[in-house]
Amino acid sequence: MKKNILSVAVKGALGLTAAAVMVPAMPAFAQEDAQVVEEVLVTGSRIQRADLEGANPVTVLSREDLVGSGELSVGDILQNLPSSAGAATNTGVNNGGSGAVRFSLRGLGEERTLVLINGRRAVASGLGANSSVDLNNIPVAMIERVEVLKDGASAVYGSDAIAGVVNIITRDNFEGAEFSTSFGETSEGDGREEEASFTFGTSSDNGNFVVSGYYANQEPIWAGDREYSQEEIWFHPYWNPTGQEPGGSSATPWGNHGGSDGIRYSRGPEFGEWGEYNGATDAYNYAPANYTQTPNERWGVSAFGNYNLGDLGALKNVEASAEFMYTHRGSQRLIAPEPLAPLAFFGHAAPYSDLNYYNQQFGPKNADGETMVLNDWRRRMVETGGRDQVHETNTHQITLAIAGELGDWNWDLSALYGENDANIIDKGYFNLERVAEAVGPTFVDSAGNVLCSSDGTAEGVIDGCVPLNVFGVPGTDTEITAEMLEYISGNYVSITEGGNDMSAVQFNISGGIIDMPAGPLGMAFGLEHRKVSGFSQPDSLQLLGTSTAGSSLATGGSYHLNEAYVEFAVPLLEGLPAINFLELSVASRYSDYSTFGDTTNSKVGLRWSITDDLTVRTTVSEAFRAPSIPELYQGIASTFPNAKDKCASDPTDTCVADGVPPRTDDEDGGYDDEGIIQIPSKIGGNPDLQPETADIFTVGLVYQPSWLDGASLTVDYWETEIENMISTTGPQVILDNCHNPNKGGLDCDKIDRWGPGSGAEVGSIIFIHDLNTNVGGLNASGVDLSLRYQMPGTSIGLFGFGFDAAYVTEYDKTLSNGDVVSHAGRLEDNQDGNFPRWKTNFTTNWSYENWDASFSSRYIHSVMETLNGWYNIDPVTGEQTNEPHEVDSQVIHDIQLSYNLSDYKTRLTFGIDNVTDEQPPFAYTGFNDNTDVRTYETQGRYYYGRVNFNF
């Protein structure tokens, strides 16, 4: 894009561009008219003004919108907006989730969406060393409204505001008492949710005090209890005419063991006699043992107070205020029992010895009836009940502020401190060193006790070791015993502690400089100092890499910064033909970081009111995102992304130089290729990272026709270009670069491969090293549409209608090798997520006497995905077909009915979400549940009721 800010501003002044407008995205139609017009701050500007329509596109969710949504988390409400896209996490993410709910505006990333509370930053929160805010920590009970700025805002707020800003405004001026409780569950009788909250406020002539508390609990839904997720589904157009084929894991409870004779042996799901493993019939269906909605329990308290101190000399109307928020969250992740395959899945040699008693008695035998060494043995450890991860997080933030007037200027000085701490407990994992001991040679003493022995003799007995028998039948007296599990797993629960903290001091002052013919020239100026730190400390098992929970090193670090900004609102013209009002806004912010140095980011906006009915406005801005604590200082950790090593079947010269067997005349060369597989990878931080930079442009118009009272139309166009993106190179790119001889072995040094004598296939991958770096870029653009109509009152009540739509025109990500991946209209599960071309929300409200009702409908357009798994290989040609597949659209309808008991100040509400019980569409590349749980509604039909009492 690389637009020149000044030239674009000139074009805007000439009427060649336009901009967006502030309108509610989920409207409350029956609101009282404001009796007093006062100057306020609107998200995106530090200059107070009476006109709420600045040059920035802002969407406002009122308290009525929040409560009427039926959701218990403001994060879930935001994820239902059409402007939400990508891969932001929520409580439907089990494998890889943490119980947190985050928001990715326009799909540009949760880390590029800045979250504020009352115009100030909120501490990052989660499981430690996080880069964004867990919106589950901010209860709906304490929120007055949410303002979503859909524009770059680094000139006003600093780092992270590339996609935009979510500004949560709290209820700090409440008088009386309010109690609310709700209960709901799905039509399947699961997924129960309970919530209770109270708010109490009191006022005097000099101030107001509000305290709020809440409790919310969400129970799980099992993947096995939903048709779409009860088994893994593959798409294979060759062996199955329907295109769907049940899949599964090669690590099974009935065994899948590679003998020294080159044959893989299994007893099959019937636990019969040993035979050759057949992936089509012997794979294990792990899906039912997973959550598809994770349990989540939260409670918290908040308090907000302000007190007018009066005049203090030249400082007039001085007011002191304090804010305190505390949230506790307990959540859980449960995935299928560990697939214990030390060599194949964890790169840890643990051969099942032919001198092991259990292998001799019960293991597979070769053609001569002899016990074999099993180098690559695999067993699903169902006796553990699953891999259980329990999270406990506590987050609190306190802000002290003082504000007042100095002449015609408004000023405020604030200090805040926020802290988040967490601990994570992982159960159901195994100590690989002890596993190797337990499957090694054994010695049987005179009493018949089977003992671990390093050499199979009495002299080699390993004290305390309990031999492991993986050849039994779970649920019977031959299963893995509690003593066996205790030795390799029970005493090795993994514990990780983590946290984030932030302290900041901020000063702002704004007011009018001079009166100009079209109005006062407004100015704002401010200073800010901030310090941010975070850490994540795994236990010794993870540090040493001896646990199947994965290996990782500690993350820890901090940085500090100083910033200064200035902003001007310049009224240019007023009261001329075709120029009802014309205002220019200019802002610039200087930031100096202890990590990478300094940066300056600026913004220009133009608001042109052509008539009372029609306004055009535009903004052009620069934005940046500083490297976060985990991006800078994350310890090296293991992950297992899906990728294909082309060197396996086509060993080029660069592959051979990297350790892959060469091609010969009488054999294919390479190594045994399974197509798309999970590749062990090492990821981690890089303290030399530089900030991301972005150029952002918005243009739009708002039309509020005087001939149709209560109607409005808004159209916004936006485009964002990000450079110097902080990311990893990506395992597939690394593998492809190494394979391509034209790149001269690029990235081969990032691939560790097994060599001769390792017991593994020569040339196969041990690990890929894929650390953070500044690489690639992103070009994205789209159009937002918003329609509102509040009908005049009728004999049967008040009716209001709202329609919001977001259209993605472009989302092109440039990878490190220069390749461009287009996301618009696609689901790229291993890239940046789900980007439907169209997402829409339609809402209609009705009010009559004591009754209120609403109907809403959310539409997500179909997307395309590329099927490139190993199961999508043409059996004739052996080629990967990269078969395209269309993921169907989804439409969700919600209804709600409320009745006000006026005499008792009580409101009764009943609602049904997903009235038609719409199921999520199959997305075969979806990592969880055969769908994209981050985008689609997965609960099914959900009933809820709520009671509100006011005193």
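Quantities reported herein were computed from a predicted structural model and do not represent experimental measurements. (Residues numbered from 1 in each chain as written. Predicted model: local features only at pLDDT ≥ 70, side-chain atom pairs only at ≥ 80, totals over all residues. Heavy atoms only, no water.)

1. A closer look at helix α9 (residues 482-490)
In an α-helix, one full turn covers 3.6 residues, which means residues spaced three or four apart are oriented alike. What counts, and what does not: Residue exposure (1.4 Å probe, protein chains only): buried if accessible area is under 20% of the type maximum, exposed if over 50%, otherwise partly exposed. Secondary structure elements are defined from DSSP: runs of H or I of at least 4 residues count as helices, runs of E of at least 2 residues count as strands, and each element is numbered from the N terminus. Directions pointing from the helix axis toward each C-beta atom define the arc. The contact definition used throughout considers only heavy atoms, calling two residues in contact when any of these lie within 4.5 Å.
When we look at burial in α9, the residues that qualify are Met484, Leu485, Tyr487, Ile488 and Ser489. Along the long axis of α9, the arc covered by the buried residues comes to 160°, so they all point the same way. What points out from α9, more than 90 degrees from its buried face, is the exposed set Ala482 and Glu483. Where the residues of α9 are buried, they touch α7 (357-362) and α8 (432-438).

2. Examining helix α13 (residues 731-739)
Here α13 lies mainly inside the structure; seven of its nine residues are buried. For α13, the full list of buried residues reads Pro731, Val733, Ile734, Leu735, Asn737, Cys738 and His739.

3. Brief notes about empty space enclosed by the protein
We count it as follows: Think of a 1 Å grid over just the protein atoms. A cavity is a set of points where a 1.4 Å probe fits yet cannot get out, a pocket is an open set with protein on both sides within 12 Å along at least five of seven lines, and lining residues have an atom within 4 Å of a point. Grid points are joined across faces, edges and corners, and a volume is the space filled by probe spheres set on the points. Residues are grouped as follows: nonpolar covers Ala, Val, Leu, Ile, Met, Phe, Trp, Tyr, Cys and Pro; charged covers Asp, Glu, Lys and Arg; every other residue, Gly included, is treated as polar.
Counted according to the given criterion, the structure contains twelve cavities of 30 Å³ or more. The computed volume of the largest cavity comes to approximately 750 Å³. Lining of the largest cavity is provided by 47 residues; of these, Glu71, Asp76, Asn80, Asn90 and Glu937 occupy positions nearest its centre. Residue assignment for the lining of the largest cavity shows that the elements contributing at least two residues are α3 (74-79), β9 (207-218), β16 (291-293), β17 (296-312), β46 (838-848), β47 (851-860) and β50 (890-901). Of the residues contributing to the lining of the largest cavity, the split by class is 14 nonpolar, 23 polar and ten charged. Here the second largest cavity is characterised by a volume of approximately 370 Å³. Taken together, 30 residues form the lining of the second largest cavity, with Arg121, Ala124, Ser131, Asp160 and Tyr559 sitting closest to its centre. When residues of the lining of the second largest cavity are traced back to their parent elements, those giving at least two are β3 (113-117), β25 (494-516) and β26 (519-538).

4. Concerning the environment of Gly498
For Gly498, the position within the fold is in strand β25. For Gly498, a relative accessible area of 1% puts it in the buried group. Separated by 115 residues in sequence, Gly498 and Asp613 have C-alpha atoms that sit 53 Å apart.

5. Section: the state of the cysteines
Defined as follows: Pairs of cysteine sulfur atoms within 2.5 Å are identified as disulfides in what follows.
Applying the stated criterion across every chain yields a total of three disulfides. In this model Cys452 forms its disulfide with Cys465; the gap between the sulfur atoms is 2.1 Å. Taking the torsion about the sulfur-sulfur bond, which here is approximately -60°, the covalent link between Cys452 and Cys465 counts as left-handed. Placement of Cys452 in strand β24 (residues 450-452) and of Cys465 in the loop between β24 and α9 is noted, with a sequence separation of 13 residues between them.

6. So, the environment of Phe304
Among the structural elements, Phe304 can be located in strand β17. Measuring from C-alpha to C-alpha, the distance between Phe304 and Leu785 comes to 36 Å, with 481 residues separating the pair along the chain. Sequence-distant contacts of Phe304, defined by excluding residues within four places in its chain, comprise Asn118, Met142, Thr170, Arg171, Asp172, Asn208, Phe209, Val210, Ala322, Glu323 and Met325.

7. Some points on the side chain of Thr548
Convention followed: Two N or O atoms count as a polar contact when they lie within 3.5 Å, although within protein this holds only if one can serve as hydrogen donor and the other as acceptor, and sequence-adjacent residues are included solely when both atoms are side-chain atoms.
On the secondary structure map, Thr548 appears in the loop between α10 (540-544) and β27 (555-576). Of note is the side chain of Thr548, whose polar atom sits 2.6 Å from the side chain of Glu338. Every residue in contact with Thr548, bar those within four places of it in the chain, is listed here: Glu338, Leu340, Phe346, Tyr429, Phe430 and Leu432.

8. A word on the confidence of the model for the chain
Operational definition: Each residue carries a pLDDT score, the predictor's confidence in it, ranging from 0 to 100.
Here the chain shows a mean pLDDT of 90. Residues at 70 or above account for 92%. Within the model, the stretch residues 1-37 combines pLDDT values under 50 with 107 contacts to residues more than four positions away or in other chains.

9. Here's the deal with the sheet that holds strand β34 (residues 681-683)
Strands in a sheet are paired, the pairing made by backbone hydrogen bonds, and the direction either parallel or antiparallel. Rules: Strand pairing is defined by DSSP finding a minimum of two bridges between the two strands. Here an axis means a line fitted to C-alpha atoms, over the contact stretch when the element is a helix, while the angle between two N-to-C directions is reported on a 0 to 180 degree scale.
Pairing is mixed in the open sheet, where four strands are placed in the order β31-β34-β39-β38. Each edge of the open sheet carries a strand with a single partner, namely β31 (637-639) and β38 (751-753). Across the sheet, the axes of successive neighbouring strands diverge by a mean angle of 25°, strand direction being ignored. Judged from the two bridges that link them, β34 and strand β39 (residues 765-769) form a sheet pairing that is parallel. Following the sheet pairing, Ser681 is matched in β39 by Ile768.

10. Overview of the pattern of salt bridges
So the rule is basically this: We define a salt bridge as a contact between a side-chain nitrogen of Lys or Arg and a carboxyl oxygen of Asp or Glu at a distance within 4 Å.
Within this structure, the stated rule accounts for 35 salt bridges. With a closest N to O distance of 3.3 Å, Glu185 and Arg192 form a salt bridge. A salt bridge links Asp804 to Arg788; the shortest N-O distance between them is 2.9 Å. Of the two residues, Asp804 sits in strand β42 (residues 798-814) while Arg788 sits in strand β41 (residues 777-790), which places them 16 residues apart along the sequence. Here Arg788 falls in the buried class, since its relative accessible area comes to 8%.

11. Re the packing of aromatic side chains
For any pair of aromatic rings, the description rests on two quantities: the centre-to-centre distance and the angle between the ring planes. Short version of the rule: Only rings of Phe, Tyr and Trp enter the pairing, Trp through its six-membered ring, and a pair is recorded when the two centres are within 6.5 Å. The plane angle decides the type: under 30 degrees is stacked, over 60 is edge-to-face, the rest tilted. Only when the NZ of Lys or the CZ of Arg is both within 6 Å of the ring centre and within 35 degrees of the ring normal is a charge said to sit over the ring.
Enumeration according to the criterion identifies 21 aromatic pairs in this entry. Here Tyr358 and Phe362 contribute two aromatic rings whose centre-to-centre distance is 6.5 Å and whose plane-to-plane angle is 20°, an arrangement assigned as stacked. With Tyr358 and Phe362 both in helix α7 and four residues apart, the pair spans about one turn of that helix. Seen from their ring centres, Trp846 and Tyr848 are 6.3 Å apart, and the 20° between their planes marks the pair as stacked. Residue classification places Trp846 among the partly exposed residues on the basis of a relative accessible area of 24%. Aromatic rings pair up to connect Trp274, Tyr352, Trp377 and Phe471 into one cluster. A cation sits over an aromatic face here: Arg171 above Phe174, 4.6 Å from the ring centre. Lys682 extends its terminal NZ or CZ atom over the ring of Phe767, reaching a point 4.1 Å from the ring centre.

12. Digging into the sheet that holds strand β19 (residues 339-340)
If you walk across this open sheet you meet the five strands as β15-β14-β13-β20-β19, and the pairing is antiparallel. Two strands lie at the open edges of the sheet, namely β15 (275-276) and β19, each paired on one side alone. Pairing of strand β14 (residues 264-266) with β15, which is carried by two bridges, proceeds in the antiparallel orientation. The partner of Tyr265 across the bridge, within β15, is Glu276.

13. Some words on the nonpolar core
Here is the rule: Put simply, buried Ala, Val, Leu, Ile, Met, Phe, Trp, Tyr and Cys residues joined by side-chain atoms within 4.5 Å make one nonpolar core.
Leu78, Leu135, Ile138, Ile143, Val146 and Ile168 are the most contacted members of the largest nonpolar core, which totals 39 residues. Secondary-structure elements contributing two or more residues to this core are α3, β3, β5 (143-149), β6 (164-170), β35 (692-703), β36 (711-723), β41 and β42. Apart from the residues within four sequence positions on either side, Ile138 is in contact with Val74, Ile117, Val133, Ile143 and Ile168. If you look at the next biggest cluster of nonpolar residues, it comprises 25 residues, including Tyr352, Trp377, Met381 and Leu432.

14. Things to note about the pairing of strand β21 (residues 387-406)
Direction of pairing for strand β18 (residues 315-335) relative to β21: antiparallel, over a ladder of 19 bridges. Bridging from a neighbouring strand, Glu319 pairs with Ala403 of β21. As judged from the 19 bridges shared by β21 and strand β22 (residues 409-427), these two strands associate in the antiparallel manner. Within β22, the residue paired with Ile402 across the bridge is Leu413. From the end of β21 to the start of β22, which pair antiparallel, there are two residues, and Gly407 there has a positive phi angle of about 65°.

15. So, the environment of Pro441
In this structure, Pro441 sits in the loop between α8 and β23 (442-444). Linking Pro441 and Tyr326, residues 115 residues apart in sequence, is a C-alpha distance of 55 Å. Filtering out sequence-adjacent residues up to four positions away, Pro441 remains in contact with Ser353, Leu355, Asn356, Leu451, Cys452, Ser453, Ser454, Asp455 and Gly456.

16. Looking at a negative patch on the surface
Rule in force here: Note that patches include only residues with greater than 30% relative accessible area and no salt bridge, and the join distances are 9 Å for like charges and 5 Å for nonpolar side chains (Val, Leu, Ile, Met, Phe, Trp, Tyr). Note that accessible areas follow from Shrake-Rupley with a 1.4 Å probe, and for residues the cover is restricted to the protein chains shown. Asp and Glu count as negative and Lys and Arg as positive, but His and the ends of the chain are not part of the count. Every charge is mapped to an atom, namely NZ of Lys, CZ of Arg, CG of Asp or CD of Glu.
Together, Glu64, Glu144, Asp172 and Glu319 make up a negatively charged patch on the protein surface. Inspection of the secondary structure puts Glu144 in strand β5.

17. Here we look at the side chain of Glu323
Considering the arrangement of structural elements, one finds Glu323 in strand β18. Its relative accessible area of 12% is what places Glu323 among the buried residues. Within the structure, the side chain of Glu323 is placed 3.0 Å from the side chain of Asn118, a separation counted as a polar contact.

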